Structures are given as C-alpha cells and as structure tokens.
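Chain residues, written in single-letter form:
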Amino acid sequence: MSTIADSLTAIRSTLPAEVELVAVSKFHPAEAIEEAYSAGQRIFGESRVQELSKKIPVLPDDIRWHFIGHLQTNKVRQLLTAGPIALIESIDSEKLLDAIDKEAMRLGITARVLMQVHVAAEETKFGFSPDEIIGYFSERRFENLRATHLCGIMGMATNTDDEARIRTDFETIASLRLDILDMAPDLRGFDIVSMGMSDDYHIAIESGSNLIRIGTAIFGERNY
Ligand SMILES: *Cc1c(COP(=O)(O)O)cnc(C)c1O
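Predicted model, so just to flag it, every value in this text is computed and none were measured.

Caption draft 1: Main features of the site of the ligand. Residues in close proximity to the ligand include Val24, Lys26, Ile68, Met156, Met197, Ser198, Arg213, Ile214, Gly215, Thr216 and Arg222, which together make up its full environment. Lysine 26 has a polar side-chain atom sitting 2.7 Å from an oxygen atom of the ligand. When grouped by side-chain class, the residues that make up the shell around the ligand number 5 nonpolar, 3 polar and 3 charged.

Have a look at this one:
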C-alpha cells in the first residue's frame, strides 16, 4: 500500500511545471493533511464550510485553502471568516458571487474566485451554463464587483468511461476562458483553468488545465 507521500511524489512527477496541484482533503482527517504537508504539499481543497472551519485552526498557517464545494449564500460569511481562503473555485451562480463580493467588501478583503461552468451531461452538477457565463461577461456584469478578483474558470467533465466525451468537455471549458477574454480583453489575471480529478487529470492537462484537484489518488477512498 502506498503512503500519501508516495502518491504525491508519483503524481507530481507526471505534472508539467505550469500545472498546480490541489490535494482534495475533504472527509479526511487533519492527520492525513499533515502527512501531505510534510511531503511538501501546500494547497488543499475542501468542500464543506464546517469541516474547513475545524481544520484551519489546527493546521499550518501557510496552507493555501481552496474551497471547491457547492456554497450556500447563507454560509458565505462563515467561509470568509474561517481563515484566509486562497481561492473559492466553485462560484456557481451570480447570486453567490454577489453575496461573496458584498461580504468581502464588508470584511475589507479581496475574494479570489473561479467561475464554475457546467458542461457535463449530469444535471446534478452545479455551475453556470456556457450561455449564462458568456452573457455575464458580454454584458460586463463583472464591473459591479468591488472586492472580488475573478481568477479564471473551473469545471468537471461528464462522469463516463468515454474518453472522447471527457476530452470534449474539458476542451469546451478551456475554450470558454478564451471566449471570455475575447469579450473582455481588459480582464486581468483571468488565468486559471481548474479541471481534472483523480480519474481524468491526464486528459484535463492535455486539454489546457493548469490546476488539478486530486483527492482519491492521494488520500485513498473517502468514507462519507
Ligand atoms: C471531491 C472533488 C474532487 C476530487 O475528486 P477525486 O476523484 O477524489 O480526485 C475534485 N473536485 C471537486 C469539485 C470535488 O468535489
């Protein structure tokens, strides 16, 4: 059985230099995070506000926490006050984005976020549709934001064995970022393309990902 450190080393050895790795530690205990931290990992991803709030105070200060789960607007304050959140990857509605902006403004911080886009076949996945996200940028509604930096885009591929479909989904997500930049060339730092998980990150990287989110392949199966 390989350890967390071994798994991390194996994954890192395959990554191009421009690709950053988020170790998705949701449902795993602080001890597992410490093990990955000792092996040099600094970016961790969590999907529940309450779990993240418990982990931040007991783990090292220089961890960069990414929030990757569906966020209810009534949990925004709790998330932004839990500790420094390096990136909220899962902005799935304009209502949520505006709530985060308002709260960040109130706290005197800048929220860094990714727009989550939904291209997968499953209806259960959250996110803006391609049309919604194009509308948001073509109408320049981002100009309303006061305390939020839009850092790029996040998405997931259809959950399938069909590699061609996975590749098409990832290519759609990556090209949406370019479409957005065509419409709003003045957007600064809209650089991140977060896509790829344990089973599909190789395809994601080939399709233009520069941030991958890996849980199971590092920490093993989760006990929900
Ligand atoms: C849980 C989760 C992951 C990690 O998935 P694995 O298959 O365990 O690598 C990545 N991204 C998001 C948004 C997740 O919720």
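Having seen the model, we can carry on.
Caption draft 2: Focus on unusual backbone geometry. Unusually for a residue other than glycine, phenylalanine 27 sits at a positive phi of about 70 degrees. Mapped onto the elements of the fold, phenylalanine 27 is located in the loop between strand E1 (20-24) and helix H2 (30-38). Here phenylalanine 27 falls in the partly exposed class, since its relative accessible area comes to 25%. Look at arginine 140: it is not a glycine, yet its phi comes out positive at around 55 degrees. Relative accessible area serves as the criterion here: at 25%, arginine 140 is assigned to the partly exposed category.

Caption draft 3: Structural detail: the nonpolar core. If you look at the biggest cluster of nonpolar residues, it comprises 66 residues, and the most contacted ones within it are Ile100, Phe137 and Leu150. Looking at this core, the element that brings in the most residues is helix H7 (residues 163-183), giving 6 residues. Val22, Val24, Ile68 and Leu114 belong to the second largest nonpolar core, which has 10 residues in total.

Caption draft 4: The pairing of strand E8 (residues 211-214), seen in detail. Neither face of E8 is left uncovered, since the one carrying Leu211 and Arg213 and the one carrying Ile212 and Ile214 both have all their residues buried. Relative to E8, E1 runs parallel, the two being bridged by 4 bridges. Following the sheet pairing, valine 22 is matched in E8 by arginine 213.

Caption draft 5: The packing of aromatic side chains, seen in detail. If you walk through the whole model with that rule in mind, you get 4 aromatic pairs. With a centroid separation of 5.6 Å and 35 degrees between ring planes, the pair formed by phenylalanine 137 and phenylalanine 142 is classed as tilted. With respect to class, phenylalanine 137 is no different from phenylalanine 142; both count as buried. Taken together, Tyr136, Phe137, Phe142 and Phe190 form an aromatic cluster joined through their ring pairs. The ring of tyrosine 37 carries the charged tip of arginine 42 above its face, separated from the ring centre by 3.5 Å.

Caption draft 6: Region of interest: the pattern of salt bridges. A complete count under the given rule lists 14 salt bridges for this structure. Glutamate 103 is the partner of arginine 77 in a salt bridge, and the nearest nitrogen-oxygen pair spans 2.9 Å. With arginine 77 in helix H4 (residues 76-81) and glutamate 103 in helix H5 (residues 94-107), this residue pair connects regions lying 26 residues apart in the sequence. A relative accessible area of 44% means that arginine 77 is categorised as partly exposed. With a relative accessible area of 7%, glutamate 103 lands in the buried category.

Definitions and cut-offs
Residues numbered from 1 in each chain as written. Predicted model: local features only at pLDDT ≥ 70, side-chain atom pairs only at ≥ 80, totals over all residues. Heavy atoms only, no water. Near = heavy atom within 4 Å. Polar contact = N/O pair within 3.5 Å; in protein donor to acceptor, adjacent residues only side chain to side chain. Nonpolar A, V, L, I, M, F, W, Y, C, P; charged D, E, K, R; others polar. Helix = DSSP H or I, 4+ residues; strand = E, 2+ residues; numbered from the N terminus. Buried < 20%, exposed > 50% of the residue type's maximum accessible area, 1.4 Å probe, protein only. Core = buried A, V, L, I, M, F, W, Y, C linked by side-chain atoms within 4.5 Å. Pairing = 2+ DSSP bridges. Phe/Tyr/Trp six-rings, centres within 6.5 Å; stacked < 30°, edge-to-face > 60°. Lys NZ or Arg CZ within 6 Å of the ring centre and 35° of its normal. Salt bridge = Lys/Arg side-chain N within 4 Å of Asp/Glu carboxyl O.

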